[in-house]
Amino acid sequence: MKKSLLLILASLFAVFSLTACADEDKNDTAGEVNGGTPVVNPASEYVGTYDVTFFATKPSMGGQFDMVAMGTMTTDCAKAGELGILTPVDKESPDVKSECKINGELNKDIANIIDQQAVITYDENTGLTIETKLQIWKEIMSLSPNDIYQYTKYTAVPVTSITAEGVNVVSANAVKGVSGRHLTAKSTNPLSTFKVTKMSDGNLYVELDLIDKETLVGKVNAPTYVILKKKSDTPVTINPDSLFTSQTGIACSEEQAQQNMCPDDFYAKFKPTPDEAAQ
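Caption draft 1: The arrangement of the pairing of strand β7 (residues 112–123) in detail. In this sheet, β7 lies alongside strand β3 (residues 48–57) in antiparallel orientation, the contact comprising three bridges. Within the sheet, the bridge partner assigned to G48 lies in β7 and is I120. Bridging between β7 and strand β8 (residues 127–137) involves eleven bridges; their strand directions are antiparallel. Note on β8: the bridge partner recorded for I113 is I136. Following β7, the chain reverses through three residues before pairing antiparallel with β8.

Caption draft 2: A look at the confidence of the model for the protein chain. Confidence in the prediction of the protein chain, expressed as mean pLDDT, is 79, and 71% of residues score 70 or more. Across residues 5–37, where pLDDT falls below 50, the model places seven contacts with residues more than four positions away in sequence or in other chains. Considering only residues more than four positions removed or in separate chains, one finds that residues 88–97, a stretch of pLDDT under 50, has 21 contacts.

Caption draft 3: Here's a closer look at the packing of aromatic side chains. Under the definition given, this model contains four aromatic pairs. A ring pair is formed by W137 and F266, whose centres lie 5.7 Å apart and whose planes are at 40°; its orientation type is tilted. Note that W137 is positioned in strand β8 and F266 in helix α4 (residues 263–267), a separation of 129 residues in sequence. By relative accessible area, which is 7% here, W137 ends up buried. Ring centres 6.5 Å apart and planes at 20° place the aromatic pair Y205 and Y225 in the stacked group.

Caption draft 4: Representation of the side chain of K213. Secondary-structure assignment places K213 in strand β13 (residues 204–215). Polar side-chain contacts of K213 include one of 2.4 Å to the side chain of D147. Excluding its chain neighbours within four sequence positions, the residues that come into contact with K213 are D147, N189, G218, K219, V220 and A222.

Caption draft 5: Spatial organisation of the state of the cysteines. In the structure shown here, the tally under the stated rule is one disulfide. Residue pairing for C252: its cysteine sulfur links by disulfide to C262, the two sulfurs lying 1.7 Å apart. One disulfide, between C252 and C262, carries an S-S torsion of -75° and so falls in the left-handed class. Highlighted residues: C252 in the loop between β14 (218–232) and α3 (254–258) and C262 in the loop between α3 and α4, separated in sequence by ten residues. In this structure C252 comes out as partly exposed when scored by relative accessible area, which is 29%.

Caption draft 6: Examining the nonpolar core more closely. One finds Y46, L128 and L228 to be the most contacted residues of the largest nonpolar core, which totals 40 residues. Going through the elements one at a time, β3, β7, β8, β9 (149–154), β12 (186–198), β13, β14 and α4 are the ones with two or more residues in this core. The element that contributes the greatest number of residues to this core is β8, accounting for five residues. Beyond its immediate sequence surroundings of up to four residues, L128 is in contact with A43, Y46, I120, T121, Y122, T155, A156, V157, I162 and V167. Counting eight residues, the second-largest nonpolar core is a separate cluster that includes F54, A80, M199 and Y205.

Parameters and conventions
- Residues numbered from 1 in each chain as written.
- Predicted model: local features only at pLDDT ≥ 70, side-chain atom pairs only at ≥ 80, totals over all residues.
- Heavy atoms only, no water.
- Pairing = 2+ DSSP bridges.
- Helix = DSSP H or I, 4+ residues; strand = E, 2+ residues; numbered from the N terminus.
- pLDDT = per-residue confidence, 0-100.
- Contact = heavy atoms within 4.5 Å.
- Phe/Tyr/Trp six-rings, centres within 6.5 Å; stacked < 30°, edge-to-face > 60°.
- Buried < 20%, exposed > 50% of the residue type's maximum accessible area, 1.4 Å probe, protein only.
- Polar contact = N/O pair within 3.5 Å; in protein donor to acceptor, adjacent residues only side chain to side chain.
- Disulfide = S-S within 2.5 Å.
- Core = buried A, V, L, I, M, F, W, Y, C linked by side-chain atoms within 4.5 Å.

Rendered as structure tokens:
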């Protein structure tokens, strides 16, 4: 009788030990696959606050009228050339596609970033969201004053379209659309496509094909290129309804001043409460 009791107790102890070990193993492998490799949400490495270190755009209506001929807007001609965005040609060329070179010399009349901010956030229910805020000036932008202030919010990208190499890069699964605001009004471009590629230096290269952008001459398509450099793993809140500054300190000619065509004249038109987006 005593021996049978000992056997029963030993059996119970063995079962308890096996169960405890199984629970420990289960806890050790939680969030792991393939023999202990941690499962990491690829979106987590993108989350944070960024600087916008490069911007370029080349809007075009196609046909005989091409806004690119009026001056491709970029903050760095050399970088634009390196990225293959622009084809540097002389300004006198009948097929002008860039003002990055004039008579073979690098054009110094590039767009200046007055200030900038970008943030990437992630929500498990909606996905990864990119926001950029850019205050920028180039004299030719007086023909398209809404470009001098741009807030852009990209449609959230689900985790299934995020990898360590990029975001929204597989065209078959790509989401579309951006919204935001400019100097005076909201903007929405639901047909626009975009992708984000991680560069060899760790920076993010955003390629946005902005469809049906509203300008003074009508709707245009505006391929836009941005480079983001992470400055913090903590995302900050962006306020789209405020300028970085309304006093830029950018030099202005007497003629421009007389015509109210100086940068600060345009920024004075900023509306903290923007008009609704054009339909």
